[in-house]
Each structure stands twice: as structure tokens, then as C-alpha cells.
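Coordinates in review
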Amino acid sequence: MLLQIPEVFSKAEVKALRARLDAGPWADGNATSGHQSATAKKNLQLPEESDVAKEVSALVVQALNANPMFVAAALPHTIFPPLFNRYEGGDQFGMHVDNAIRQSRNGGAIRIRSDLSATLFLSEPEDYDGGELIIEEMYGSQAIKLPAGDLVLYPSKSLHRVTPVTRGARVSSFMWMQSLVRDDADRETLFRLDIATQRVASEKGPKDQSVIELTGVYHNLLRRWTEV
């Protein structure tokens, strides 16, 4: 499932985040690349051990955990600390698939199976040319270029790329997460059931028998599919 999650951060919040990020120690983006990705990637990245990356990364995780749509869609078990990249002057990232296992550098304590990937856009679309995130879906390619503050969530198994940025700068946060529910189709079923249950509850009230039964089905499916 590919899902746009709007307004993870407000415009004012994005401006404040960008002020911190733009002053950071940007470096070669291949520091976190796998073998195949390193051959396709040309961009800048904030070193994950830098103070500004750690500070803003924590704010991103806090915002995601407080976002009902993100939590319902991702059912996150662990969010790998978000990273930050910058594309400008022709920078791009060729077609690749994200590594199945992500581990913090130097053998750190965080180690996850990457079920989901996400990009949080921190530049307005009109501020740069190119830079579309192209995600290969079963029904064709999807070109993603979202307003600053919006996030796109998609399965980590998807082939994807970032087209060359020919004007301006594309700044974003990117991240991976291990879900409580490994299978993408199962997560989508739960998400759609959750949304439908909320819709019925808004029409009939939370004590309606249909709402109670739908909620029970949701939790019984979640209980069956959850891995902890």
C-alpha cells in the first residue's frame, strides 16, 4: 500500500526544522548505502551521529507516533531513527530496493527488518525542479512530489528512485520501520477495516452494535497477524 499522509508537520514547523537542518554538517550521502545503492546514489546527507540529525530525528519520530493515520497504516513496532538528505545540482538516486535489514552504524543497538519505507518532504514542490520519488507499483510507476510537511509511506520491497534535481534543492527525511504486521496485504486490510469502523462510529456512535462487532474483528485479525 502506498499512502500519502498530509501535514505531519505544519508549514511553521517545517520552517523551524529547515533552519536547523540547513546549518548542519552535510556530507556524502553514500555513508548509509548498501553495495547496490552506492552505485546509483548521488546526494548529500546529514551524518546520523551529528547533533542536529539526532535532535530533528527525535522530533520526526515524536510527530509520527502522534499521527493517527500513520499509526493505523504502519502499525509500527520500531522506527529506525530518521535520516536526512539533500539533492541539488543534478543529484539523483537511481533505481534500487532498500536493504532488508537496517542496523545503526558501528554495530549499534537498533536493528530492524525494513517492512516500510517513508519520505517526509521538507521542501515545497515549487522550490525545485525534478526530484520526484518514483515508486514502482503493481499497476505502474507512481511519481511522488509532495508539499513540505507531507509524508509518503510505501512497502520497502518496492523498487524506487529519485529523479535528478535540476533547480533548487530537495530536502527530506527518509526512514524505515518494522511493523507489528509483516505482510503488506494484511496491513492494508487492517487499515481499511480501521477506517471503515471509524466511519460507522461517526455515523452511529461508538456504542452501536455494528461498531462493537467491527472493532472485535479488527482486534482479532491484529492478534492473529501481529509479530512481537
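For the structure itself, look to the data block above.
Described below are features of the structure shown in this document. (Residues numbered from 1 in each chain as written. Predicted model: local features only at pLDDT ≥ 70, side-chain atom pairs only at ≥ 80, totals over all residues. Heavy atoms only, no water.)

With respect to the pairing of strand S6 (residues 83–88)
Counting buried positions over the six residues of S6 gives five, a clear majority of the element. Both strand S4 (residues 44–45) and S6 contribute to a ladder of two bridges, which runs antiparallel. Looking at S6, one finds that Gln45 is bridged to Asn85. Judged from the six bridges that link them, S6 and strand S16 (residues 165–179) form a sheet pairing that is antiparallel. Paired with Leu83 across the strands is Phe174, a residue of S16. (Buried < 20%, exposed > 50% of the residue type's maximum accessible area, 1.4 Å probe, protein only. Helix = DSSP H or I, 4+ residues; strand = E, 2+ residues; numbered from the N terminus. Pairing = 2+ DSSP bridges.)

Concerning the packing of aromatic side chains
What the rule picks out here adds up to two aromatic pairs. On the basis of an interplanar angle of 70° and a centroid distance of 5.8 Å, the ring pair of Phe80 and Trp176 is categorised as edge-to-face. Of this pair, Phe80 sits in the loop between strand S5 (76–79) and S6 while Trp176 sits in strand S16, placing them 96 residues apart in sequence. Judged by its relative accessible area of 3%, Phe80 is buried. With a centroid separation of 5.6 Å and an interplanar angle of 90°, the aromatic rings of Phe174 and Trp176 are classed as edge-to-face. Both residues of the pair, Phe174 and Trp176, count as buried. Three or more aromatic residues joined by ring pairs form one cluster here, namely Phe80, Phe174 and Trp176. Cation over ring: Arg102 sits above Trp176, and NZ or CZ is 3.7 Å from the ring centre. It is Lys145 that lies over the ring of Tyr128; its NZ or CZ is 4.3 Å from the centre. (Phe/Tyr/Trp six-rings, centres within 6.5 Å; stacked < 30°, edge-to-face > 60°. Lys NZ or Arg CZ within 6 Å of the ring centre and 35° of its normal.)

Notes on the pattern of salt bridges
Within this structure, the stated rule accounts for 12 salt bridges. One salt bridge connects Arg86 with Asp22, and the closest N-O pair in it is separated by 3.5 Å. Taken together, the residues span a long stretch of sequence, with Arg86 in strand S6 and Asp22 in helix H1 (residues 11–22) at a distance of 64 residues. Lys42 is the partner of Asp91 in a salt bridge, and the nearest nitrogen-oxygen pair spans 2.7 Å. Remark: Lys42 occurs in strand S3 (residues 41–42) and Asp91 occurs in the loop between S6 and strand S7 (92–96); sequence separation between them is 49 residues. Taken together, the shared-partner salt bridges connect Arg18, Asp22, Arg86 and Glu88 into one network. (Salt bridge = Lys/Arg side-chain N within 4 Å of Asp/Glu carboxyl O.)

Here's the deal with the sheet that holds strand S12 (residues 133–137)
Spatially, the five strands line up as an open sheet ordered S3-S7-S15-S12-S13, and their pairing is antiparallel. The open sheet terminates on both sides in strands that have one partner only, identified here as S3 and strand S13 (140–144). For S7 and strand S15 (residues 160–162), the ladder comprises two bridges, and the chain directions are antiparallel. Bridge pairing in S15 links Phe93 to Val162.

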